[in-house]
Amino acid sequence: MGMSVTISVAAEQDAEQIFRLQYLCFQSEAALYGNYRIDPLVQPLDSVREEVAKDCVFVARLGDEVVGSVRGALTDDGAAAIGKLCVHPRLQGHGIGARLLRAAESALAEQHGAKRFRLHTGHRSEGNLRLYRKVGYQTVGTSKGEDGVPMIVLEKAAGTYAATA
């Protein structure tokens, strides 16, 4: 009998698994840009622990294994910044990323009062862009990451979060 993937709020003890998963998942992003200094690959474990403690962090679990995660935090302008969405490569393409986004969006809107959601992804990250657009995000601009990677900034209104279910 197979196990199903569950989505839940991350706990303090999940930080190390999130850290390792993030490092694995963002290798393909780094390869797209020939830049292995992107933030998810150089973020220290203590910083991940801090985010789990203070931000809105969800994980996808397959049994005891963390196979996906996403983070969100309210910004000064009332938007919620969502970031570092990742799903283990062996489980990508099964809707786990959309489920993680839905969980983060719901919590950020209902518990933290977010009026809209904002995220960014690299300009060459077609798979990410496809997912974000499918669940209602629209391009609102561009930026450059601290690592020099050109980014596309996407947003959607908080009232549309149910579209990611």
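Up top is the structure these notes are about.
Now for a quick tour of the structure.

Definitions and cut-offs
Residues numbered from 1 in each chain as written. Predicted model: local features only at pLDDT ≥ 70, side-chain atom pairs only at ≥ 80, totals over all residues. Heavy atoms only, no water. Core = buried A, V, L, I, M, F, W, Y, C linked by side-chain atoms within 4.5 Å. Buried < 20%, exposed > 50% of the residue type's maximum accessible area, 1.4 Å probe, protein only. Helix = DSSP H or I, 4+ residues; strand = E, 2+ residues; numbered from the N terminus. Polar contact = N/O pair within 3.5 Å; in protein donor to acceptor, adjacent residues only side chain to side chain. Pairing = 2+ DSSP bridges. Axes fitted to C-alpha atoms, helices over the stretch in contact; angles between N-to-C directions. Expected span 1.5 Å × (residues − 1). Phe/Tyr/Trp six-rings, centres within 6.5 Å; stacked < 30°, edge-to-face > 60°. Arc of directions from axis to C-beta. Contact = heavy atoms within 4.5 Å.

### Considerations on the nonpolar core
For step 1, the next point in the chain: F58, I82, L100, L101, L108, F117 and Y137 are the most contacted members of the largest nonpolar core, which has 31 residues in total.
For step 2, the next point in the chain: The set of elements that each furnish at least two residues to this core consists of β2 (56-62), β3 (65-74), β4 (79-87), α5 (96-110), β5 (116-122), α6 (126-134) and β7 (150-157).
For step 3, the next point in the chain: Take this core: its biggest share by element is 9 residues, from α5.
For step 4, the next point in the chain: In terms of nonpolar packing, the next biggest core, distinct from the first, is built from 18 residues, C25, Y33, I38 and V59 among them.

### Examining the environment of L129
For step 1, the next point in the chain: Summarising the element assignment, L129 is placed in helix α6.
For step 2, the next point in the chain: Separated by 18 residues in the primary sequence, L129 and D147 have C-alpha atoms spaced 19 Å apart.

### Looking at the side chain of K156
For step 1, the next point in the chain: Within the secondary structure layout, K156 lies in strand β7.
For step 2, the next point in the chain: On the basis of relative accessible area, K156 is assigned to the buried category, the value being 5%.
For step 3, the next point in the chain: At a separation of 3.3 Å, a polar atom in the side chain of K156 contacts the side chain of E105.

### Quick notes on the sheet that holds β7
For step 1, the next point in the chain: Reading across the sheet, the 7 strands line up as β1-β2-β3-β4-β5-β7-β6 and stay open at both edges, with mixed pairing between neighbours. The sheet terminates laterally at β1 (5-9) and β6 (138-144), the two strands that pair on one side only. The average angle at which neighbouring strand axes cross in this sheet is 25°, direction not considered.
For step 2, the next point in the chain: Alignment of β3 against β4, held across 6 bridges, turns out to be antiparallel. Bridge assignment links R71 to a residue of β4, and that residue is G83.

### So, α5
For step 1, the next point in the chain: Across its 15 residues, α5 extends 21 Å between first and last C-alpha, which sits within 8% of the 21 Å expected from 1.5 Å per residue.
For step 2, the next point in the chain: A large share of α5 lies buried, amounting to 12 of its 15 residues.

### As for the packing of aromatic side chains
For step 1, the next point in the chain: What the rule picks out here adds up to 1 aromatic pair.
For step 2, the next point in the chain: With centroids separated by 6.1 Å and ring planes inclined at 65°, the aromatic side chains of Y132 and Y137 adopt a geometry described as edge-to-face. Y137 matches Y132 in its accessibility class, with the two residues each being buried.

### Concerning helix α1 (residues 15-25)
Because the α-helix completes a turn every 3.6 residues, residues three or four places apart line up on one side.
For step 1, the next point in the chain: Restricting attention to buried positions, one finds in α1 the residues A15, I18, L21, Q22 and C25. For α1, the angular spread of the buried residues around the axis is 125°, confining them to a single face.
For step 2, the next point in the chain: Buried residues belonging to α1 abut α2 (27-33), α3 (39-42), α4 (45-54), β2, β3 and β4.

Any functional reading would require information beyond the geometric quantities listed.
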